[in-house]
Amino acid sequence: MLIQTLLLAAAIQAAAAPKPLTPNDIVAKAPAAAWRTIPADDLLIIELKAGGRIVVQLAPAFAPAHVANIRALARANWWDGAAVYRVQDNYVAQWGLGEAEKPFPKGVVAQPPAEYARRLRGLPVRPLGSADPYAPAAGYALGWPIAYSRRAGTANLTHCYGYVGVARGLAPDTGSGGELYAIIGHAPRQLDRNIAVVGRVVDGIERLSALPRGTGDLGFYKERKEDVPIARVRLASQMPPAERPSFQYMDTGSAAFGSYLRLRANRKDAFYQRPAGGVDLCNAPVPVRKTP
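Residues numbered from 1 in each chain as written. Predicted model: local features only at pLDDT ≥ 70, side-chain atom pairs only at ≥ 80, totals over all residues. Heavy atoms only, no water.

Okay, the nonpolar core next. Counting 38 residues, the largest nonpolar core has Leu 44, Trp 79, Trp 95, Leu 180 and Leu 208 as its most contacted members. Among the elements that take part in this core, helix α3 (residues 64-75) stands out by supplying five residues, more than any other. Setting aside anything within four residues of it in sequence, one finds Trp 79 in contact with Ile 70, Leu 73, Ala 74, Gly 96, Gly 177, Gly 178, Leu 180 and Val 233. Core analysis: the next-biggest nonpolar cluster, separate from the first, contains 27 residues, Val 55, Leu 128, Tyr 249 and Phe 257 among them. (Core = buried A, V, L, I, M, F, W, Y, C linked by side-chain atoms within 4.5 Å. Buried < 20%, exposed > 50% of the residue type's maximum accessible area, 1.4 Å probe, protein only. Helix = DSSP H or I, 4+ residues; strand = E, 2+ residues; numbered from the N terminus. Contact = heavy atoms within 4.5 Å.)

The structure is reproduced here in structure tokens:
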């Protein structure tokens, strides 16, 4: 009888205990003040001819010259006739005009500065709280994951899944922004500080990651008939207000993001028997949501 009473008491206590929160719970319950709306001029809309769109949030705070080029190219319809022409498994999907010769519109800088890192000073950094194998420290600033060095005084965006970089040739080429790629596999962080990262896909990454893999060297499609045509590339600011997609990201300086980050590193809900005690930068992505 005593054992049954103890078991019953334990069951009642377990039933009454609050259910451990998950990172998704934090995101779902985050107050409106924890979210920041992405400006329409920072959203690049890529529409595929076969249907579907990919939406990229641009990062002018980290690559202002390249982002200015991308905006100018979009406004000039420079990507008419563009296509996805490279899909390398566990690596990148790349698009643009490829080797086609097409003059840049006025205002585009063919050889921008190497925007591989920016000054750390002035950035409101929230430390990751875990070691990073590619930099002295990692964390978040202005809604973006960053690697940084206080000694060097620099910070850079990182090659996480879905992040968009500028394809380029060998140095000193820095890429104009006319050829872009998105990470569709394991984060290739060895590219950090070697290529300009200009944004992240906030909607439609599956349309790139599910494409047939190229069978040529480095995942390039061997035949042009394999290319995936792009119908149009434009900024959300070019669209009528009623048709513009709208997205928000969680403020990485908010209390809600702090709670989310702690739980990403230490899951305590029922599935997890042993919390990790740490987290990789790319495995704690900044939450982004689509808004009406």
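Let us keep going from here.
To continue, consider the state of the cysteines. Note: disulfide means a covalent bond formed between the sulfur atoms of two cysteine side chains. Taken as a whole and assessed by the stated rule, the structure comprises one disulfide. Between the sulfur atoms of Cys 160 and its disulfide mate Cys 282 the distance is 2.0 Å. Judged by the sign of its S-S torsion, about -75°, the cystine formed by Cys 160 and Cys 282 is left-handed. Placement of the pair is Cys 160 in the loop between β10 (154-157) and β11 (163-166) and Cys 282 in the loop between α5 (255-265) and β16 (288-291), with a sequence separation of 122 residues. The burial state of Cys 160 is the same as that of Cys 282; both residues are buried. (Disulfide = S-S within 2.5 Å.)

Okay, the pattern of salt bridges next. Scanning all chains against the criterion turns up 13 salt bridges. Across the pair Asp 251 and Arg 36 runs a salt bridge, and its minimum N-O distance is 2.9 Å. On the criterion of sequence distance, the pair formed by Asp 251 in the loop between β15 (246-250) and α5 and Arg 36 in strand β1 (residues 35-37) is long-range, its members being 215 residues apart. The class for Arg 36 is partly exposed, based on a relative accessible area of 34%. Each of the salt bridges in this network shares a partner with another, and the network as a whole consists of Asp 41, Asp 42, Arg 71 and Arg 75. (Salt bridge = Lys/Arg side-chain N within 4 Å of Asp/Glu carboxyl O.)

The subject of this paragraph is the sheet that holds strand β13 (residues 197-203). An order of β2-β3-β13-β11-β12-β5-β4-β14 is seen for the eight strands of this closed barrel, with the pairing classed as antiparallel. For this sheet, the mean inter-axis angle between neighbouring strands, taken without regard to orientation, is 35°. Pairing between strand β3 (residues 53-58) and β13: four bridges, direction antiparallel. Looking across to β13, one finds that Val 55 is bridged to Asp 203. Where α3 meets the sheet, its contacts fall on β2 (43-48), β3, β11, β12 (180-183), β13 and β14 (228-235), and the angle it forms with β14 comes to roughly 105°. (Pairing = 2+ DSSP bridges. Axes fitted to C-alpha atoms, helices over the stretch in contact; angles between N-to-C directions.)

Right, let's talk about empty space enclosed by the protein for a bit. What the rule picks out here adds up to one cavity of 30 Å³ or more. In this model, the largest cavity occupies a volume close to 70 Å³. Taken together, 13 residues make up the lining of the largest cavity; nearest its centre are Glu 115, Tyr 116, Ala 117, Asn 156 and Leu 157. Here the lining of the largest cavity gets three residues from one element, more than from any other, and that element is β10. (1 Å grid on protein atoms, 1.4 Å probe; cavity = no way out; pocket = protein on both sides within 12 Å on 5 of 7 lines; lining within 4 Å. Points joined across faces, edges and corners; volume = space filled by probe spheres on them.)

Burial runs high along strand β5 (residues 92-96): five of the five residues are buried. Burial along β5 is two-sided: the face carrying Val 92, Gln 94 and Gly 96 and the face carrying Ala 93 and Trp 95 are both buried. The pairing of strand β4 (residues 83-87) with β5 spans four bridges and is classified as antiparallel. Of the residues in β5, the one forming a bridge with Val 87 is Ala 93. Strand direction decides the pairing type here: β5 and β12, joined by four bridges, are antiparallel. Residue pairing for β12: Val 92 is matched across the bridge by Ile 183.

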